[in-house]
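Fold and geometry: a report
Listed here are the chains, written in short residue letters.
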Amino acid sequence: MRKITPPTSVFAGTRIGRQFARPSRMANPRTAPYWLDGGTESCDLCEHPHVLQTQRRCAACDRAACEHCVTVNRETGEVLCHECHQAETKREDG
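Now for a description of the structure that goes with this document. Note that the structure is predicted; figures quoted are calculated from it, not measured.

Rules used throughout
Residues numbered from 1 in each chain as written. Predicted model: local features only at pLDDT ≥ 70, side-chain atom pairs only at ≥ 80, totals over all residues. Heavy atoms only, no water. Salt bridge = Lys/Arg side-chain N within 4 Å of Asp/Glu carboxyl O. Helix = DSSP H or I, 4+ residues; strand = E, 2+ residues; numbered from the N terminus. Buried < 20%, exposed > 50% of the residue type's maximum accessible area, 1.4 Å probe, protein only. Contact = heavy atoms within 4.5 Å. Polar contact = N/O pair within 3.5 Å; in protein donor to acceptor, adjacent residues only side chain to side chain.

Examining the pattern of salt bridges
Taken as a whole and assessed by the stated rule, the structure comprises 1 salt bridge. Residue Arg 63 is joined to Glu 83 by a salt bridge in which the shortest nitrogen-to-oxygen separation is 3.0 Å. You can see Arg 63 sitting in the loop between strand S3 (56-57) and strand S4 (64-65) and its partner Glu 83 sitting in helix H1 (residues 82-93), a full 20 residues away along the chain. The exposure class assigned to Arg 63 is partly exposed, which follows from its relative accessible area of 25%.

This is the structure we're talking about:
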């Protein structure tokens with residue numbers, strides 16, 4: 001007499017673990033993108049670290065600053081640090 005065995009499935013028993021990728025085959029951890037990194041440069045005004053790609057330079061004094069410490073003139077696109085912007089507005093008002 002022939003022995004009848006039940007059909008085996010990929011999802012049955014211990015075979016289920018074989019379909020998942022092993023840790024050695026998973027993607028290698030990558031370095032974080034530059035905008036998520038803490039940064040290597042420091043702002044001259046607030047001393048906050050920022051990345052070089054987001055650094056801005058004042059058009060009047062050529063001071064390096066982070067994007068939070070500058071004012072951009074919407075009409076001309078000129079970038080000024082807060083100190084030079086205040087001096088310019090005083091000059092225009094007075």
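Quick look at the environment of Glu 67
As for its placement among the helices and strands, Glu 67 is situated in the loop between S4 and strand S5 (70-72). It is 6.2 Å that separates the C-alpha atoms of Glu 67 and Arg 56, two residues lying 11 residues apart in sequence. The residues touching Glu 67, leaving out its near neighbours within four places in the chain, are Thr 54 and Arg 56. A polar contact of 3.4 Å, which involves the side chain of Glu 67, links it to the side chain of Thr 54.

Examining unusual backbone geometry
Positive phi, normally seen in glycine, also occurs at Glu 47, with a value near 60 degrees. By the secondary structure assignment, Glu 47 is in the loop between strand S1 (41-42) and strand S2 (49-50). One non-glycine residue with positive phi stands out, namely Asp 62, at about 60 degrees.

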